[in-house]
Each structure stands twice: as structure tokens, then as C-alpha cells.
Amino acid sequence: MECRSYWTLPGGRGEIRREAVGDPGEGEALVETIVSGVSRGTESLVHLGRVPERVRALMRAPFQRGDLPGEVCYGYLSVGEVTAVGPNTPGDLLGRRVFCLYPHVDAYVAPVSWLTPVPDDVPSERAVLAGAVETAVNALWDGGPRLGDRIAVVGGGMIGISVAALLRRFPLARLELLDPDPAVAERARHIGVEWRDPAEGAGGCDLVFHASSTAAGLARSLELCGDEGEVVEMSWYGTTEPNVPLGVDFHARRLRIRASQVGMVSESRRARRSTADRMAIALDALTDPAFDHLLTGPVDLDDLPEAMDDIARGRTPAICHVVRHRRT
């Protein structure tokens, strides 16, 4: 069969290509895509050619084709239906909707081990957020929030809001979502979390999750910590190298900065949870309709080259932009 695929080209351009899709082999399945999602932060860096050379290998998407900074088929938020399986492959996924960390492609063959069933009560468009919510789950495992904690989330993008949406289930003493963009206030209201401008955030936090990808946001996160508090750093800075304010009272107050990255299961759960377990937890969390407020769009796949440029250059406000494929 023939399908369409989206490719990012050098110089901040994109194009739709047509290609053949083969039959699934043993342990593989054919998936026909329903929707995919544009992760604004990461995919904007790829589109604009701002992925640092030293981390290009780390930035590879699981099923990426091509190499940065050249032509690449990139992306990792895809929901589709399994329409065929290979020989000697269990057929329990046939006809099921699945999430896969796959680029923006109409149809593809992938190992069944990479496919996670989407719960029946999670709409396909909301399910594209599974990658972001999986990142948020890992961050909570890294940070380990406790009963009665005072917590701030700095940065109201897709990752920050996903973290806040999960944290609102915890029995916390205080939870604030901090972002200077007043538009974030409306999203915070929909998910039931208090929004404030970062300058007005309450201090004395036990934990701060930082996801603004700005040096100012990181500095403010440290200021918000109480003595011996911890910042869980989730930001991806691309080619920038933020100044980290480790002077003043950083050492005197015994503050900590912990890196959190989804490439590996958090050390606190690694012995007992697999990446498949973590993804299943994320998809189960997406039964919550509040996550719909993180979605923008949709746009048809044929229009993605122009839409991606608008997103990357800030002309289109987006959190997770939904891309429709031929099954919709």
C-alpha cells in the first residue's frame, strides 16, 4: 500500500512524500494512522535546525528516518488502528487502536512490542498526548511528591500542564502552575489548578517542577524552593546554555536540582516498572477529559508543512497540535 509521510528539510522547510508500506513480518503489525500530534517544543527545534550536534543522537525519535541536521522523518506522537499482523504474531491487537512513538506517517509497520492499546474511553485525539503524560509520570517518579507538599510547576506548555494535571490528584497542601502567559490561566482553570505569574508564586516549596526551557524560569524555580527543597529540571534548551544561579544562597540553603528525562524509567521505579508499564499508566490517566484543553488544531497532514512552520515560528499558538490522517 502507499502512504504519505511528513519530512523536515534543512532551512526550516517541510514536505509531504509518498512511499510504499510493506507487509508486517513476524512480531510486527501494520498500523493505519488516525491522528498524530506535533510536540511544539521538540519539533520546533528540529524544524528550525536548532538541535545541538552533540545531542543529535540522544534526540533521535524511536522510528526516525534520516539524520539531523539533514532531511528527517521525525515525530513521536501517533495513534492508529492495527489492520494486519505478521506471521506467527498474536492477533489480539487486530482492530484495536494503539499509541506508538512514530512520526507523522499515514501507515507503518512496527514491532508489536512498541504498540500500546488505547483504552476505549480515551478519544484518539486525546491519546496523542500519551508521550507528554508519560514524561510527566516519569518526572513524578523522579520527584516523589509527598502528602501535604507545597509544589510549583514552572512553565505552562504541554509538559508542564501534564505534570500539573497529574499532581492535582495528589493530597497536596498547595499546587501552583506558574507562567507569564495569561493564556495559560485559562488552561489552568480547565484542569482545576491555580495559575499565577511566576513573580507572584508562593515560596517555601518542597518541590518545583521546571518546564519553561528558560534561564529565568530555572532561576525562579530555585528562588521558590524552601530550605533543602528540590527542583526537578524537565526543560530542553536546544542550542542555548542557560546561566544557573548557584551563587547567593544555593549552597547555604542546600538546594538540589535533579534532571528528569523520559529516555529511561526513573531510578525509583526502574527495577519494578518497564517503559511499557509507564506508557500504559499514561494512557490510563488520559481518561480524564481535562487533557483535551492541551490540544490545538486539527490540521490535515497535507497542510502540515505550512502549519509546522507557523508553530515553530510562533505564528500559531499551540500546545499539542493534532494532525488528521486519512482515516478521519
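What you are looking at is a predicted structure, and each value in this text was computed from that prediction instead of being measured.

> An account of the environment of glycine 144 is requested, with residue identities and associated values reported.
Mapped onto the elements of the fold, glycine 144 is located in the loop between helix H3 (130-143) and strand S8 (150-154). Sequence separation of glycine 144 and leucine 207 is 63 residues, and the distance between their C-alpha atoms is 8.9 Å.

> Can you break down the pattern of salt bridges residue by residue, with the values?
Any two side chains of opposite charge can pair, on the condition that their charged atoms come close. For the structure shown, the criterion picks out 24 salt bridges. With a shortest N-O distance of 2.8 Å, aspartate 292 and arginine 126 are connected by a salt bridge. A residue pair is termed long-range when its members are at least 10 positions apart, and aspartate 292 in the loop between helix H7 (275-285) and strand S14 (295-300) and arginine 126 in helix H2 (residues 124-127) qualify at 166 residues. Between arginine 150 and aspartate 206 there is a salt bridge, with the nearest N and O atoms lying 3.7 Å from each other. Of this pair, arginine 150 sits in strand S8 while aspartate 206 sits in strand S11 (residues 205-210); the two residues are 56 residues apart in sequence, bridging distant segments of the chain. Bridged by salt links that share partners, the residues Asp309, Asp310, Arg313 and Arg315 form one connected network.

> Break down the packing of aromatic side chains for me, with residues and values.
Between two aromatic rings, the relevant description is the distance of the centres plus the angle of the planes. Inspection of the entire model under this criterion finds four aromatic pairs. Residues phenylalanine 63 and tryptophan 114 carry aromatic rings whose centres are separated by 5.2 Å and whose planes lie at 75° to one another, so their mutual orientation is edge-to-face. Placement of phenylalanine 63 in the loop between helix H1 (40-47) and strand S4 (78-85) and of tryptophan 114 in the loop between strand S6 (107-111) and strand S7 (116-117) is noted, with a sequence separation of 51 residues between them. Looking at tryptophan 114, the relative accessible area reads 40%, which means it is partly exposed. Taken together, the ring pairs in this structure connect Phe63, Tyr102, Tyr108 and Trp114 into an aromatic cluster.

> Just give me the short version of unusual backbone geometry, but keep the residues and values in it.
Geometrically, the link from leucine 68 to proline 69 is a cis peptide bond, its omega value of 5° lying close to zero. Mapped onto the elements of the fold, proline 69 is located in the loop between H1 and S4. With an omega dihedral of 10°, the bond running from glycine 297 to proline 298 counts as a cis peptide bond. On the secondary structure map, proline 298 appears in strand S14. Despite not being glycine, serine 213 shows a phi value in the positive range, around 60°. Note on placement: serine 213 falls in the loop between S11 and helix H6 (215-224). Residues other than glycine seldom take positive phi values, yet glutamate 228 does so here, at roughly 60°. When you line up the elements, glutamate 228 lands in strand S12 (residues 225-233).

> Summarise the sheet that holds strand S10 (residues 194-196); cite the residues concerned and give the values.
Pairing is parallel across the open sheet formed by six strands, whose spatial order is S10-S9-S8-S11-S12-S13. In the strand order of this sheet, the two ends are held by S10 and strand S13 (256-259), each with one partner. With strand direction ignored, the average angle separating the axes of adjacent strands in the sheet is 25°. Bridging between S8 and S11 involves four bridges; their strand directions are parallel. Each residue of the ladder has a partner; that of isoleucine 151, found in S11, is leucine 207.

> I'd like to hear about the side chain of serine 124, residue by residue, with values.
Mapped onto the fold, serine 124 is located in helix H2. Setting aside anything within four residues of it in sequence, one finds serine 124 in contact with Ile34, Val35, Val79 and Arg97.

> Lay out the nonpolar core with the relevant residues and their values.
By size, the foremost hydrophobic cluster in this structure holds 63 residues, and its most contacted members are Phe99, Leu129, Val133, Leu167 and Phe209. Setting aside chain neighbours within four positions, we find phenylalanine 209 in contact with Ala139, Leu140, Gly143, Ile151, Ala152, Val153, Val154, Val163, Leu167, Val232 and Met234. Within the second largest apolar cluster, 19 residues are counted, among which are Leu30, Val31, Phe63 and Ala110.

Reading guide: rules and limits
- Residues numbered from 1 in each chain as written.
- Predicted model: local features only at pLDDT ≥ 70, side-chain atom pairs only at ≥ 80, totals over all residues.
- Heavy atoms only, no water.
- Helix = DSSP H or I, 4+ residues; strand = E, 2+ residues; numbered from the N terminus.
- Salt bridge = Lys/Arg side-chain N within 4 Å of Asp/Glu carboxyl O.
- Phe/Tyr/Trp six-rings, centres within 6.5 Å; stacked < 30°, edge-to-face > 60°.
- Buried < 20%, exposed > 50% of the residue type's maximum accessible area, 1.4 Å probe, protein only.
- Pairing = 2+ DSSP bridges.
- Axes fitted to C-alpha atoms, helices over the stretch in contact; angles between N-to-C directions.
- Contact = heavy atoms within 4.5 Å.
- Core = buried A, V, L, I, M, F, W, Y, C linked by side-chain atoms within 4.5 Å.

Scope: geometric values only; no functional claims are made or implied.
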